Amino acid sequence: MTKITAAITAVGKYVPEYALTNKELETMVDTNDEWITTRTGIKERRILKDENAGTSYMAIKAAEDLLKKSGVDASEIDMVIVATATPDMPVASTAAYTASSIGATNAFSYDLQAACSSFLYGMSTAASYIESGRYKKILLIGADKMSSIIDYTDRATCIIFGDGAGAALFEPNTENLGLQDEYLRSDGIGREFLKIDAGGSLLPPSEDTLKNGQHFVRQEGRTVFKFAVSNMSNVAEKMLERNNLTKDDIQWLVAHQANKRIIEATANRVGVEDSKVMMNIDKYGNTTSATLPLLLADYEKELKKGDNLIFAAFGGGFTWGAIYLKWAYNS
Ligand code: UT7
């Protein structure tokens, strides 16, 4: 029997128009362009200014971009997963609203939350459904309106995050292209270091939590940085070892865009040169669930059928992992 693998067959993206530059941040908090650039690699990030638009607004736009480019009819989609840490609402899934809005009338849908690893975990979920033979077209969208959970008086977080969305379509493949291997991990010790304290079942929102700013995301950057560097590097290296790949076999490193220094450390460990490292953190900052699909959309034209891609991500929880995928088309 022919082996069915799960390939990415189309990508799409959306970023809001408004660019919040390092210069503008200098007027908001005690920071400067030089510090942000050297410590993170970020020059600007996009912000969804419309207060009436949530994460679904960007998820829908990214999905529509994918559908338009690929010519796929939305009614053919079996399943829509929205990977996000900032759903429109705590209850009523963003994915259900997104699927209906794009006309995916034959799909079922749900949200997937694993902080900055949401899209990576979503790739595993989408691929498993395809490999099982149960579904034929799965739309995975990574979308986050990080500006909705950022305290713009906290220089430790507000300089990092941005808003955006990216989408990828997964379909069966019989040429052994698509997802080859994965190694996904998590460790609950992470919630001490990167979290939103209030608004969940542990600490429901109240006047006090609002007053104390506990509905905003907080992180102990230095600790998260250390965990991110060692864990992302370890899993990326493991992908190569487990699949008997050398650095020369890898065409692209597709790493979560949290900090340029973390991406470079991962690239160094794997041994791939700069030209093989996808990078757009300078334009968008850390868009959480959207970084990986935004990279794919931005680099789509350079990708060739058969290219070996190593994905790696690290995020709150902690959650992290790596995926080895063979690219399935020339655009
Ligand atoms: O995507 C999910 C996972 N998240 C991450 O992977 C983020 C990981 N962490 C990071 O990327 C980095 O830790 C940050 C970018 C958040 C911070 O960079 P850092 O090199 O770790 O800086 P630091 O927190 O160790 O702070 C160094 C100094 C401190 O001053 P002192 O104590 O040395 O006088 C900070 O107060 O830089 C100061 N500082 C700033 N200065 C100007 C902290 N934030 C800023 C700022 N502008 N925005």
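Up top you'll find the structure we're talking about.
This text gives an overview of the structure that appears in the document. Owing to the predicted nature of the structure, the values given are computational and were not obtained by experimental measurement.

**Some words on the pairing of strand β12 (residues 308–315)**
Buried residues dominate β12, accounting for eight of its eight residues. Alternating positions in β12 separate into two faces, Asn 308, Ile 310, Ala 312 and Phe 314 on one and Leu 309, Phe 311, Ala 313 and Gly 315 on the other, with burial throughout. The pairing of strand β11 (residues 252–255) with β12 spans four bridges and is parallel. What sits directly across from Ala 255, in β12, is Ala 312.

**Considering the sheet that holds strand β1 (residues 5–14)**
Read across the sheet, five strands follow the order β1-β7-β6-β4-β5 without closing on themselves; strand pairing throughout is mixed. This sheet does not close on itself; its edge strands, each paired only once, are β1 and β5 (108–112). Recorded for the sheet is a direction-independent mean angle of 20 degrees between the axes of neighbouring strands. Both strand β4 (residues 79–83) and β5 contribute to a ladder of five bridges, which runs parallel. Following the sheet pairing, Ala 83 is matched in β5 by Leu 112. Across the sheet, helix α3 (residues 55–70) lies against β1, β6 (138–145) and β7 (163–173), angled at about 115 degrees from β1, the strand it touches most. Each of β4, β5 and β6 is contacted by helix α4 (residues 94–102), which is oriented at about 140 degrees to β5, the strand it contacts most.

**A word on the pattern of salt bridges**
Under the definition given, this model contains 17 salt bridges. Salt-bridge contacts for Lys 69 lead to Glu 300; the nearest nitrogen and oxygen are separated by 2.8 Å. Separated by 231 residues along the polypeptide, Lys 69 in helix α3 and Glu 300 in the loop between α11 (291–299) and β12 bring together distant segments of the chain. For Lys 69, a relative accessible area of 45% gives the class partly exposed. Classification of Glu 300 by relative accessible area gives buried; the value is 9%. For Asp 208, the salt bridge is made with Lys 211, and the minimal N-O distance between the two is 3.3 Å. Taken as a pair, Asp 208 and Lys 211 lie in helix α7 (residues 207–211) at a separation of three residues, close to a single helical turn. Given the relative accessible area of 66%, Lys 211 is considered exposed. Counted as one network, the salt bridges with shared partners bring together Lys 13, Lys 283 and Asp 298.

**Here's the deal with the site of the ligand**
Taken together, 22 residues lie around the ligand, and Thr 31, Arg 39, Arg 222, Asn 259 and Asn 286 are the ones closest in. A distance of 2.9 Å is found between an oxygen atom of the ligand and a side-chain nitrogen or oxygen belonging to Arg 261. Here the ligand loses 76% of its free accessible area of 950 Å² to cover by the protein chains. When atom positions are compared with the pocket grids, the ligand is found to occupy the second largest pocket. Those elements that provide at least two residues to the shell around the ligand are α2 (33–40), α8 (221–242) and α9 (260–270). Tallying contributions element by element places α8 first for the shell around the ligand, with four residues.

Cut-offs used in this document
Residues numbered from 1 in each chain as written. Predicted model: local features only at pLDDT ≥ 70, side-chain atom pairs only at ≥ 80, totals over all residues. Heavy atoms only, no water. Buried < 20%, exposed > 50% of the residue type's maximum accessible area, 1.4 Å probe, protein only. Helix = DSSP H or I, 4+ residues; strand = E, 2+ residues; numbered from the N terminus. Pairing = 2+ DSSP bridges. Axes fitted to C-alpha atoms, helices over the stretch in contact; angles between N-to-C directions. Contact = heavy atoms within 4.5 Å. Salt bridge = Lys/Arg side-chain N within 4 Å of Asp/Glu carboxyl O. Near = heavy atom within 4 Å. Polar contact = N/O pair within 3.5 Å; in protein donor to acceptor, adjacent residues only side chain to side chain. Areas by Shrake-Rupley, 256 points an atom, 1.4 Å probe, with all protein chains shown as cover. 1 Å grid on protein atoms, 1.4 Å probe; cavity = no way out; pocket = protein on both sides within 12 Å on 5 of 7 lines; lining within 4 Å. Sits in = over half its atoms within 2 Å of the grid points.

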